[in-house]
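Breakdown of the fold
Each chain, written out:
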Amino acid sequence: MKTKPISNALQKLYLVLIFVLLYAPIVTLIVLSFNKSKTRAKWGGFTTSWYASLFENTQIMNALYTTLIIALLSALIATLIGTAASIGIQSMNRRYRTFLMGVTNIPMLNADIVTGISLMLLFIAFRFTLGFTTILLAHITFNIPYVILSVMPKLKQTNKSTYEAAMDLGASPLYAFFKVLLPDIFPGVITGFFLSFTMSLDDFIITHFTKGPGVDTLSTKIYSEVRKGIKPEIYALSTIMFVTVLLLLFLVNLNPEENKTKKLTAAKVKSRKRSRIFFRRVVPAILFVVILTSGIFYATKAGANTENQVIVYNWGEYIDPEVLTIFEEETGISVIYEEYETNEIMYPKIQSGAIAYDVVCPSDYMIQRMLENDLLAEIDFDNIPNLANIDPTYLEQSRQFDPENKYSVPYCWGTVGILYNKTMVDETVDSWAILWDEKYKDSILMQDSVRDAFGITLKYLGYSLNSTDLDELTQAKEMLIAQKPLVQAYVVDQVRDKMIGNEAALGVIYSGEAIYTQQENPDLEYVIPKEGSNIWIDSWVIPKDAKHKENAEAFINFLCRADIALMNFEYITYSTPNKAARELIEDPEIRDSKIAFPTPDELVNCETFRFLGDKYDAIYNELWRELKSE
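Reference entry: report on the structure contained in this document. A quick note: this is a predicted structure, and the numbers were derived from the prediction, not measured.

As a further point, take the overall build of the protein chain. Looking only at helices and strands, one finds 25 helices and nine strands in the protein chain. In the protein chain, the proportion of contacts linking residues at least 24 apart, taken out of those at least 6 apart, comes to 75%. As displayed, the protein chain has an accessible area near 32100 Å², and 59% of this comes from carbon and sulfur atoms.

Right, let's talk about the pairing of strand β6 (residues 487-491) for a bit. Taking burial as the measure, the five residues of β6 include four buried ones, the bulk of the element. Across four bridges, the pairing between strand β5 (residues 444-447) and β6 is parallel. Pairing of L445 across the sheet is with A489, part of β6.

What follows is about the pattern of salt bridges. Using the criterion set out here, one finds 21 salt bridges in the structure. Where D617 meets R369, a salt bridge forms, and the shortest distance between an N and an O atom there is 3.7 Å. Taken together, the residues D617 in helix α25 (residues 614-629) and R369 in helix α15 (residues 364-372) connect sequence positions 248 residues apart. A relative accessible area of 25% places D617 in the partly exposed class. One salt bridge in this structure joins R496 and E513, with 3.6 Å as the shortest N-O distance. Within this pair, whereas R496 is found in helix α19 (residues 494-500), its partner E513 is found in helix α20 (residues 511-520), the two being separated by 17 residues in sequence. According to the relative accessible area criterion, R496 is buried, its value standing at 16%.

Attention now moves to the environment of F569. Inspection of the secondary structure assignment puts F569 in helix α22 (residues 562-572). Since its relative accessible area comes to 6%, F569 is described here as buried. For F569, the residues in contact, after removing those within four places along its chain, are Y574, S575, T576, I585, I590, A596 and F597.

Below, the discussion takes up the side chain of R369. Here R369 falls in the buried class, since its relative accessible area comes to 14%. If we skip the residues at most four places from it in the chain, R369 touches Y347, F611, D614 and D617.

Positioned with a positive phi, E317 is a non-glycine residue whose angle comes to about 55°. Looking at the element boundaries, E317 is found in the loop between β1 (309-315) and α13 (321-331). What makes E317 partly exposed here is its relative accessible area of 26%. Within the chain, T573 stands out as a residue other than glycine whose phi angle is a positive 65°. Along the chain, T573 falls in the loop between α22 and α23 (579-583).

Our focus in this paragraph is the sheet that holds strand β2 (residues 334-340). Taken together, the three strands give an open sheet; going across it, the order is β2-β1-β3, and neighbouring strands pair in parallel fashion. A strand with exactly one partner marks an edge of an open sheet, and here the two such strands are β2 and β3 (359-360). Bridge count between β1 and β3: two bridges; the pairing is parallel. Pairing of V312 across the sheet is with V359, part of β3. Seen against the sheet, α13 touches β1 and β2 and runs at an angle of roughly 155° to β2.

With 30 residues, helix α8 (residues 173-202) extends only 38 Å from end C-alpha to end C-alpha; this falls clearly short of the ideal 44 Å at 1.5 Å per step. Approximately 60° is the largest bend angle found in α8, and it occurs at L182, with the proline P183 only one to four residues beyond. Within α8 the residues assigned to the buried category are A176, F177, V180, L181, L182, I185, G188, V189, G192, F193, S196 and S200.

Scanning the model with the defined rule gives 25 aromatic pairs in all. A ring pair is formed by F193 and F194, whose centres lie 5.3 Å apart and whose planes are at 75°; its orientation type is edge-to-face. The exposure class assigned to F193 is buried, which follows from its relative accessible area of 16%. On the numbers, 5.6 Å between centres and 70° between planes, the contact of F454 with Y620 is edge-to-face. Note that F454 is positioned in helix α17 (residues 450-460) and Y620 in helix α25, a separation of 166 residues in sequence. No difference in accessibility class separates F454 from Y620, as the two residues are buried. Cation over ring: R369 sits above Y347, and NZ or CZ is 4.1 Å from the ring centre. When the ring centre of F597 is taken as reference, the NZ or CZ atom of R582 above it lies at 3.9 Å.

Attention now moves to the packing of helix α4 (residues 94-109) against helix α6 (residues 132-157). Between α4 and α6, the shortest axis-to-axis distance is 9 Å and the interhelical angle comes to 135°. Relative to α6, α4 is oriented oblique. Helix-helix and strand crossings are classified by hand; for α4 and α6 the assignment is left-handed. Contacts between α4 and α6 pair R97, M101, T104, P107 and M108 from the former with P145, Y146, I148, L149 and M152 from the latter. Taken together, the residues of the contact of α4 with α6 break down into eight nonpolar, one polar and one charged.

What follows deals with empty space enclosed by the protein. Counted according to the given criterion, the structure contains four cavities of 30 Å³ or more. Counted as a void, the largest cavity has a volume near 120 Å³. Forming the boundary of the largest cavity are 15 residues, of which Y411, L559, A565, T576 and P577 lie nearest the centre. Put simply, the parts of the chain that give the lining of the largest cavity at least two residues each are β4 (409-421) and α22.

A few words on the nonpolar core. Ranked by internal contacts, the top residues of the largest apolar core, which has 125 residues, are L435, M446, L506 and F555. By residue number, the principal contributor to this core is β4, which donates eight residues. Within the second largest apolar cluster, 16 residues are counted, among which are I144, V151, L181 and V189.

Further remarks concern the packing of α17 against helix α18 (residues 470-483). Interhelical geometry of α17 versus α18 gives an angle of 105° and a closest axis separation of 9 Å. The angle between the axes of α17 and α18 places the two elements in the roughly perpendicular class. Counted together, A453, F454, T457, L458 and Y460 of α17 and E472, L473, A476, K477, M479 and L480 of α18 form the full contact between these two elements. Of the residues belonging to the contact of α17 with α18, the class tally is eight nonpolar, one polar and two charged.

Rules and cut-offs
Residues numbered from 1 in each chain as written. Predicted model: local features only at pLDDT ≥ 70, side-chain atom pairs only at ≥ 80, totals over all residues. Heavy atoms only, no water. Helix = DSSP H or I, 4+ residues; strand = E, 2+ residues; numbered from the N terminus. Contact = heavy atoms within 4.5 Å. Areas by Shrake-Rupley, 256 points an atom, 1.4 Å probe, with all protein chains shown as cover. Buried < 20%, exposed > 50% of the residue type's maximum accessible area, 1.4 Å probe, protein only. Pairing = 2+ DSSP bridges. Salt bridge = Lys/Arg side-chain N within 4 Å of Asp/Glu carboxyl O. Axes fitted to C-alpha atoms, helices over the stretch in contact; angles between N-to-C directions. Expected span 1.5 Å × (residues − 1). Bend = angle between axes of the 7 residues up to and from the residue. Phe/Tyr/Trp six-rings, centres within 6.5 Å; stacked < 30°, edge-to-face > 60°. Lys NZ or Arg CZ within 6 Å of the ring centre and 35° of its normal. Parallel < 35°, antiparallel > 145°, perpendicular 65-115°, else oblique. Left-handed = near helix turned anticlockwise from the far one by under 90°. Nonpolar A, V, L, I, M, F, W, Y, C, P; charged D, E, K, R; others polar. 1 Å grid on protein atoms, 1.4 Å probe; cavity = no way out; pocket = protein on both sides within 12 Å on 5 of 7 lines; lining within 4 Å. Points joined across faces, edges and corners; volume = space filled by probe spheres on them. Core = buried A, V, L, I, M, F, W, Y, C linked by side-chain atoms within 4.5 Å.

Encoded structure:
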């Protein structure tokens, strides 16, 4: 007799666990949206400021609007085309109908990445400029098969005799279609529309490969935020979306069908009728008007003059947003700003010519590669008088990748080193060797970057981080394979939050990130190992196919201004090569920081990455794949 209560208890426990797994992440997200701290690693107190800044963030709100308008337009157009295509296919003989249905099913069976890359290559081949139009065309193409899949079963159920009878009685084909055929297939058409809308709303892969600068949907915007660290505004947006969906579900189910046996007074019937009209017609109409007016508002607010603009391609979180606003106000030039996560993601876009960026910020070795492949335009330095603010030391160092200093202007520089937690590490940290110490198993964070990972290993082994010796590279690979069981995770920007949150003892990090982490967690310390490391320079360059070259030069000149360079340094915390800006730093601890501005003695064994050629680039990548697959 005790079996049944135990069984019921287990069922309830199972149900509770399911709900916890489903809703714990959502609850966490909601809590983070009210966290005063920018990092999710610690609680900084309660605040609603992220909700206010969300509606002031034109990038996020435009991404939301773009998502909705593309989903709506692509669903409508795909429904029209798909319905017409279904009627045409149904009228064919069986052999051709079977063949065309097989062809129609291919996009649904293919991986989305195949469809996305294929459409991108098609747009490039036909010289389409990637942007809103290409996303819309891609979504329409992607959605049409789903409409056909929804409409065809309904067409098979229709009675042809009814349509033919209407024609025999004198109805025109168009009249017969709307009065006879369309009502029969309408449920399938509506299903196709909503399926298309949902698929478009949820899509990331196809949008990612077919979008251009200044155009983001929520999926691509959130992806870019995840890669560099999610902004709290995204938590606020996700919370609002969840609450909105919950509210809509509540409204839909608020007026359930009454028991047919229950008698209602005329007043109650009238009241319920008004309620149904309100929830089924008025509420959707209000939502539509809000979305439309909000979209127009944000689109107008962020609208750019295409004749007087500059298209900027930069690393994530690598410029103070206020700087862009000041530039637009002072010059009247609109800034279209897009971000990337790695040099390797940026390079193919510039090489393909699919998007004509005006100014880009690659790293040293990538600038060398772009020069060797004739992708950069020579800068007219008569338009950049503020170049005088750049310390000659960094201009001289830039000659390693830009021999005549004709194609680049230094923007930020720094080093790669070890960030460690003094409460978890009780020994002197001065060598890369500690990253292979088994004592710190599952507490080591490595950079998810082939050149950085191999670079520090090669330096530890006593070799150059630009080595092309296959024996040295193989030895470095074996060292990294031996280290892999000790590594908690291979990360990029996430090392920052993990170290702040005391989730790891050691992490490979860029010096600028180290400054920020120390501000958030005083137990963290940064060191450049004695074997040496990478000293890098990120510089502004102008692609050869830039359409607004003079505006690009005006933008670079503006960033070289002392007060503007100081704003960027204080925002991104990466070392500035702008000597005039450094003199303006008020805090002596920051101005003389060994992390931001190490002494020449600390840099004696450091090297700058060089582009080693496509052959060795492929070798490095192959060794990296072998390491990751172990």
